[in-house]
Amino acid sequence: MPAISVIVPVYQAEALLPQCVESVLAQTFSDWELLLIDDGSRDGSPTLCDGYAARDPRIRVFHKPNGGVSTARNLGLEQATGPYIAFLDADDTFEPAALETLWYLREKAGADSAGCAHYNVTPDGERRTELLLPTGIYEETGIREKILWPLAGDRLQPPVFNGFIWRFLFDAAILRDNAITFEGAYLEDELFLMEYFANVHRLAVTDKPLYRYLENPASATHRYMRDYPAVFARFLERKAEIMEKYGLDAARPQWRANTVWAGLLIAVGNEYVKSNPKPVREKRKAVEALCAQPEFAKAIRELRPKGLGRNKQIVADLIGSGRFGTLTALYRLKNHM
């Protein structure tokens, strides 16, 4: 049985998959298995995956019809045999000592999990470090204050806690015993982390960047999502279930309005994104219709966000005052629509 199961969802990743897999093969910690989950790729990714599996017995490949990143990760969780789980995206890479550092950090601290900082890498190779948390050991109280509360309700004012699952080494038993899995194609990481850390007793963190995240302009966060309102509605429903299940509401009573506002800002940006084929006038109508939906309208009435980043604050103020013409004009300038 390997110590760590590394799960990589693979979809149309032919160009970047080799450097991803090679970063696992180059690990200073060798007691791992790599699960490549081919999610119905139509490029050369399936052949690449099979080639790596033939090369190293620690690599296993699973081919499935396309169903999205959540279904791919869930299949990986089902097939993983290691007591600890790490996630890696097909266009990203590990630093050579990533698994070794996380494994021994967790072991030394007697922790359920370990986490690290990461590099944000631009397509032209520039990188900047983003911390998870300051180096240290976090018990249940610290985990709630530093991870759960930010994920639950503090989704507007910077710094916003990013729900990146690949910054952590997860205890497979906690995932299995609490039936924690992924759902959806967007915001799935946030809910996964919320439920996981509601069950964790101790987390060890290092400020060493051990993961390289490629800021890919072609990723899902930069493409128009036609079904975003439905995706967000399901996300909000599941988040409410988690908040109630673990009694998190009392500590963050305004979590829903905060979350809805954060979702609304994403929804507005999604409508105005350059890849949305609608004419500008239709984009404005769609945004007005979004803001009139009961859940969004209620949040607009009950909460006027303050302390946001400059651009988000401008957008929030324009939405709150109903100045959709000015909002549209600003997005036209920003996105050259």
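Our structure is the block above this text.
Below: a short report on this structure.

What counts, and where the lines are drawn
Residues numbered from 1 in each chain as written. Predicted model: local features only at pLDDT ≥ 70, side-chain atom pairs only at ≥ 80, totals over all residues. Heavy atoms only, no water. Helix = DSSP H or I, 4+ residues; strand = E, 2+ residues; numbered from the N terminus. Rg over C-alpha atoms; globule rule 2.2 N^0.38 Å. Buried < 20%, exposed > 50% of the residue type's maximum accessible area, 1.4 Å probe, protein only. Contact = heavy atoms within 4.5 Å. Areas by Shrake-Rupley, 256 points an atom, 1.4 Å probe, with all protein chains shown as cover. Lys, Arg positive; Asp, Glu negative; His and termini not counted. Charge placed at Lys NZ, Arg CZ, Asp CG, Glu CD. Pairing = 2+ DSSP bridges. Disulfide = S-S within 2.5 Å. Polar contact = N/O pair within 3.5 Å; in protein donor to acceptor, adjacent residues only side chain to side chain. Axes fitted to C-alpha atoms, helices over the stretch in contact; angles between N-to-C directions. Parallel < 35°, antiparallel > 145°, perpendicular 65-115°, else oblique. Left-handed = near helix turned anticlockwise from the far one by under 90°. Nonpolar A, V, L, I, M, F, W, Y, C, P; charged D, E, K, R; others polar. Expected span 1.5 Å × (residues − 1). Arc of directions from axis to C-beta.

### Thoughts on the overall build of the protein chain
- What the protein chain contains, in helices and strands, is 13 helices and ten strands.
- Over its C-alpha trace the protein chain gives a radius of gyration of 21 Å, about what one expects of a compact globule, namely 20 Å for 337 residues.
- Projecting the C-alpha coordinates of the protein chain onto the three principal axes gives extents of approximately 60 × 45 × 35 Å.
- Across the 337 residues that make up the protein chain, the buried fraction comes to 54%.
- Of all intrachain contacts in the protein chain linking residues separated by at least 6 positions in sequence, the fraction that spans at least 24 positions is 78%.
- Here the protein chain displays about 15,300 Å² of accessible surface, and carbon together with sulfur accounts for 53% of that area.
- Side-chain charges in the protein chain split into 41 positive and 44 negative, and the spacing between the mean points of these groups amounts to 8 Å.

### What about the pairing of strand S1 (residues 4-10)?
- Within S1, seven of the seven residues are buried, which leaves the element mostly enclosed by the surrounding structure.
- Burial along S1 is two-sided: Ile-4, Val-6, Val-8 and Val-10 facing one way and Ser-5, Ile-7 and Pro-9 facing the other are all buried.
- Strand direction decides the pairing type here: S1 and strand S2 (residues 32-39), joined by seven bridges, are parallel. Along S2, the bridge assignment pairs Val-10 with Asp-38.
- Across four bridges, S1 lies against strand S4 (residues 84-87) in parallel orientation. What sits directly across from Ser-5, in S4, is Ile-85.

### As for the state of the cysteines
- In this structure the tally under the stated criterion is zero disulfides.
- Looking at the unpaired Cys-116, the closest cysteine sulfur is the one in Cys-20, lying at 15 Å.
- The exposure class of Cys-116 is buried, given its relative accessible area of 1%.

### Regarding the side chain of Ser-45
- Here Ser-45 is to be found in helix H2 (residues 45-55).
- In this structure Ser-45 comes out as buried when scored by relative accessible area, which is 0%.
- A distance of 2.8 Å separates polar atoms of two side chains, one belonging to Ser-45 and the other to Asp-43.
- Leaving out residues up to four positions away in the same chain, Ser-45 has contacts with Val-10, Gln-12, Ala-13, Glu-14 and Leu-17.

### Section: the packing of helix H10 (residues 280-292) against helix H13 (residues 324-335)
- At a minimum axis distance of 10 Å, the contact between H10 and H13 shows a crossing angle of 130°. Put simply, H10 runs oblique to H13. The two elements H10 and H13 cross, and the hand of that crossing is right-handed. The segment H10 lies against H13, with Val-280, Arg-284, Val-287, Glu-288 and Cys-291 engaging Phe-324, Gly-325, Leu-327, Thr-328 and Arg-332.
- Each residue belonging to the contact of H10 with H13 can be placed in one class, and the counts come to five nonpolar, two polar and three charged.

### As for helix H4 (residues 98-109)
- For H4, which comprises twelve residues, the first-to-last C-alpha distance of 17 Å matches the rise-based estimate of 16 Å (1.5 Å per residue) to within 8%.
- Those residues of H4 not exposed but buried are Ala-98, Leu-99, Leu-102, Trp-103, Arg-106 and Ala-109. The buried residues of H4 occupy one face: seen down the axis, they fall within an arc of 150°.
- Positive phi shows up at Gly-110, right after H4, with a value of about 60°.

Honestly, it's all geometry; don't read function into it.
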